[in-house]
Amino acid sequence: MSAKEVKADRKYTKDHEWARLADGVLTVGITAFAVDQLGDITLVNFDVAVGDKVREGAAFGTIESVKTLSDLFAPVNGTVLALNPKLDNQPELINEDCWEAGWMLQLKCDADLDVAALLDDAGYLAHVASSEH
């Protein structure tokens, strides 16, 4: 997995999270660039539960690695539909497959327009390139 890898079927935040909208459900995870920066992931802790409301830009949990502890931020306003139960015992799934098996949470967005306002793949790659200088 390359740190520069992105998927065209998702939107991105400047906090290095991805969001994929399908059938009204927004699945959220972290990007390959974030995984590369974090190193080996050792723990994911959610500060929200199913049914909770999240606000765009507010922390919904933390991710811990051998290098650091980082907050996870909600990309949009919405209601938590699911948390990835596999991450409780297998946080390394994020290192192995941050794009699919390592997803973090699923939301019902308050407005699909919020998702449209996120970065597309080209915009995210430009953001990563600018943050490396």
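Residues numbered from 1 in each chain as written. Predicted model: local features only at pLDDT ≥ 70, side-chain atom pairs only at ≥ 80, totals over all residues. Heavy atoms only, no water.

A. Representation of unusual backbone geometry within the structure. For His16, which is not a glycine, the phi torsion comes out positive at approximately 70°. Take His16: it is sitting in the loop between strand E1 (11–12) and strand E2 (17–22). Its identity is not glycine, yet Asp23 carries a phi of approximately 55°, on the positive side. Structurally, the position occupied by Asp23 is in the loop between E2 and strand E3 (25–30). For Asp23, a relative accessible area of 83% translates into the label exposed. (Helix = DSSP H or I, 4+ residues; strand = E, 2+ residues; numbered from the N terminus. Buried < 20%, exposed > 50% of the residue type's maximum accessible area, 1.4 Å probe, protein only.)

B. Structural view of the sheet that holds strand E7 (residues 69–73). Sheet architecture is open: three strands sit in the order E4-E6-E7, paired in antiparallel fashion. The open sheet is flanked by strand E4 (41–46) and E7, the only strands paired with a single partner. Between one strand axis and the next, the sheet turns by 25° as a mean value, whatever way the strands run. Note that strand E6 (residues 59–65) and E7 share five bridges and pair antiparallel. Bridging from a neighbouring strand, Ile63 pairs with Ser70 of E7. (Pairing = 2+ DSSP bridges. Axes fitted to C-alpha atoms, helices over the stretch in contact; angles between N-to-C directions.)

C. Broad picture of the packing of aromatic side chains. Applying the stated rule across the entire model yields four aromatic pairs. A centroid spacing of 6.3 Å and a plane angle of 80° characterise the contact between Tyr12 and Trp99, whose relative ring orientation is edge-to-face. One end of the pair, Tyr12, is in strand E1; the other, Trp99, is in the loop between helix H2 (93–96) and strand E9 (105–109), and 87 residues separate them in sequence. Pair check on accessibility: Tyr12 and Trp99 agree, each one buried. Where Tyr12 meets Tyr124, the ring centres are 4.8 Å apart and the plane angle is 15°; that geometry is what we call stacked. Here the residue Tyr12 occupies a position in strand E1, and Tyr124 occupies one in helix H4 (residues 121–131), the gap between them amounting to 112 residues. The exposure class assigned to Tyr124 is buried, which follows from its relative accessible area of 1%. Through successive ring pairs, a cluster of aromatic residues spans Tyr12, Trp18, Trp99 and Tyr124. Residue placement shows Arg10 over the ring face of Trp18; its charged tip is 4.4 Å from the ring centre. (Phe/Tyr/Trp six-rings, centres within 6.5 Å; stacked < 30°, edge-to-face > 60°. Lys NZ or Arg CZ within 6 Å of the ring centre and 35° of its normal.)

D. View of the pattern of salt bridges. Using the criterion set out here, one finds five salt bridges in the structure. Where Lys7 meets Glu5, a salt bridge forms, and the shortest distance between an N and an O atom there is 3.3 Å. A salt bridge links Lys53 to Asp110; the nearest nitrogen and oxygen atoms lie 4.0 Å apart. Of the two residues, Lys53 is situated in strand E5 (residues 53–54) and Asp110 in the loop between E9 and helix H3 (112–116); the sequence distance between them amounts to 57 residues. Relative accessible area serves as the criterion here: at 46%, Asp110 is assigned to the partly exposed category. Because the salt bridges share partners, they merge into one network encompassing Asp9, Arg10, Arg20 and Glu100. (Salt bridge = Lys/Arg side-chain N within 4 Å of Asp/Glu carboxyl O.)

E. Quick peek at the nonpolar core. Counting residues in hydrophobic clusters, the biggest one holds 38 residues, and the most contacted among them are Ile30, Val44, Phe60, Ile63, Ile94 and Met104. Among the elements that line this core, the one with the most residues is helix H1 (residues 32–38), at five residues. Excluding residues within four positions of it along the chain, Val44 makes contact with Thr62, Ile63, Leu72, Leu87, Pro91, Ile94 and Met104. (Core = buried A, V, L, I, M, F, W, Y, C linked by side-chain atoms within 4.5 Å. Contact = heavy atoms within 4.5 Å.)

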